[in-house]
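Okay, here's what each chain looks like letter by letter:
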Amino acid sequence: MLNVENLSISFGTDEGLITPVQGVSFWVEAGKTLGLVGESGSGKSITTKALMRLLPGNAHLSPETRITYRSKNGKEIEVEKIKPRSRELRALRGGEIGMIFQEPMASFSPVYSIGNQMIEAIRLHRGCGKREARELAVEMLQKVGISNAAVRIDQYPHEMSGGMRQRAMIALALSAGPALLIADEPTTALDVTIQAQVLDLMRELQRDLGMAMIFITHDLGVIAQIADEVAVMYLGTIVERGATRDVIRDPKHPYTQGLLKAIPSLETLHDRLSPVPGDIPSPTERPSGCPFHTRCPDAINNICNVRTPVELTPAPGRAVRCWLHDEPKSGRSAA
Ligand code: SF4
């Protein structure tokens with residue numbers, strides 16, 4: 001339903017042009033979940049903002065970028081060509097593609113009740129009357145597990161607990177009946193038990209509503225629970241892609257391997273976790289060759305720091321950008 005080809009995003013800044021997303025390609029199938037994973041600064045959120053045309057005015061898409069979305073009525077939309085402030089863009093945002101964020105206050109206005117905001121979204125995208133919209137809003141709040149929804153609908157965001165606000169935000173995003181939901185770190189700010197409840201809820205809603213989802217997180221453990229496919233991002237590029245169970249069982253890219261080693265488990269409770277060493281560089285200081293070579297334990301001398309890896313297919317349905325999967329592997333030694 002969504003196909004992204006060669007997405008590159010540049011920003012004009014005082015220090016010149018920076019390109020935090022370079023040549024990203026992926027697709028999302030109807031009813032399936034794609035997990036987009038990587039550390040902060042890997043370009044995950046900017047990528048999905050481009051899908052909603054929510055980038056700031058100083059952002060530019062490269063001429064090679066193609067974003068194609070198939071709407072609920074089967075129409076093919078070239079998202080990168082939609083005019084700002086057009087009716088098509090309003091229908092896309094919220095109506096076709098919903099979005100939820102880490103911080104619910106980013107979605108809600110503090111000065112209107114939850115109900116007012118949901119009713120407005122439902123009327124805008126579903127074209128129904130006020131009473132019907134209110135009934136639908138109450139129904140949606142019940143669906144996300146908010147008890148006494150008929151009363152709580154009139155509460156303001158600040159009157160709800162963090163977990164409940166998160167549920168209300170999911171209800172708001174789903175109230176317009178989107179076919180694709182983009183969830184940007186929706187559980188990161190919640191404590192572990194609420195996190196598990198919200199993940200369960202999202203899985204359940206996705207199954208019931210037959211929605212597709214892009215789930216953004218820095219946590220591969222969360223991806224393992226929710227995504228069918230995963231794309232691992234590093235410094236604005238997808239470095240590994242495949243079915244989640246294959247990537248988790250047999251990660252091909254050293255960065256994915258590092259992310260997996262950083263997940264605590266009960267079996268390794270007494271072992272030291274080995275997170276990926278160092279920090280992700282700024283897009284203004286993008287290393288030459290493989291962008292990961294400054295942190296990679298397997299970097300190949302005089303290859304990884306010079307040649308940018310192309311996308312390779314180490315197994316059917318898998319894609320990886322790493323010279324370790326190229327043949328022949330000549331001149332290998334720790335950098
Ligand atoms: Fe490491 Fe080289 Fe592979 Fe990059 S291309 S991930 S530096 S081994």
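The structure presented is a predicted model; accordingly, all values stated were derived computationally and were not measured.

Focus: the UniProt feature "domain: ABC transporter" (unreviewed entry) in the chain
No. 1: When the UniProt feature table is mapped to this numbering, "domain: ABC transporter" (unreviewed entry) covers residues 2–260.
No. 2: Secondary structure over residues 2–260 splits into 37% helix and 27% strand, and the C-alpha atoms at its two ends are 28 Å apart.

Re the environment of Leu201
No. 1: Residue placement: Leu201 occurs in helix α7 (residues 192–209).
No. 2: On the accessibility criterion, Leu201 (7% relative accessible area) is buried.
No. 3: The sequence separation of Leu201 and His218 amounts to 17 residues, and the corresponding C-alpha distance is 20 Å.
No. 4: In contact with Leu201, not counting residues within four places along its chain, are Lys143, Val144, Arg167 and Ile170.

A closer look at the domain arrangement of the chain
No. 1: Splitting the chain by domain gives domain 1 (1–96 + 179–277) and domain 2 (106–177).
No. 2: A C-alpha centroid distance of 25 Å is found between domain 1 and domain 2.
No. 3: Listed per partner, the contact involves 19 residues of domain 1 and 12 residues of domain 2.
No. 4: Buried area between domain 1 and domain 2, summed over both chains or domains, comes out near 1200 Å², and the portion from carbon and sulfur atoms is 71%.
No. 5: The tally of links from domain 1 across to domain 2 stands at zero salt bridges.
No. 6: Counting across the domain 1 and domain 2 interface gives five residue pairs in polar contact (both at pLDDT 80 or more).
No. 7: Counting residues per element, the ones that place at least two in the side of domain 1 that touches domain 2 are α2 (87–92) and α7.
No. 8: For the side of domain 1 that touches domain 2, the element with the highest residue contribution is α7, accounting for seven residues.
No. 9: Here the side of domain 1 that touches domain 2 is built from residues that sort into 12 nonpolar, four polar and three charged.

Here is what the cut-offs are and how they apply
Residues numbered from 1 in each chain as written. Predicted model: local features only at pLDDT ≥ 70, side-chain atom pairs only at ≥ 80, totals over all residues. Heavy atoms only, no water. UniProt positions renumbered as here; feature names shortened; annotations may be inferred. Helix = DSSP H or I, 4+ residues; strand = E, 2+ residues; numbered from the N terminus. Buried < 20%, exposed > 50% of the residue type's maximum accessible area, 1.4 Å probe, protein only. Contact = heavy atoms within 4.5 Å. Domains from an automatic or database assignment. Buried area = accessible area lost by both parts, 1.4 Å probe. Salt bridge = Lys/Arg side-chain N within 4 Å of Asp/Glu carboxyl O. Polar contact = N/O pair within 3.5 Å; in protein donor to acceptor, adjacent residues only side chain to side chain. Nonpolar A, V, L, I, M, F, W, Y, C, P; charged D, E, K, R; others polar.

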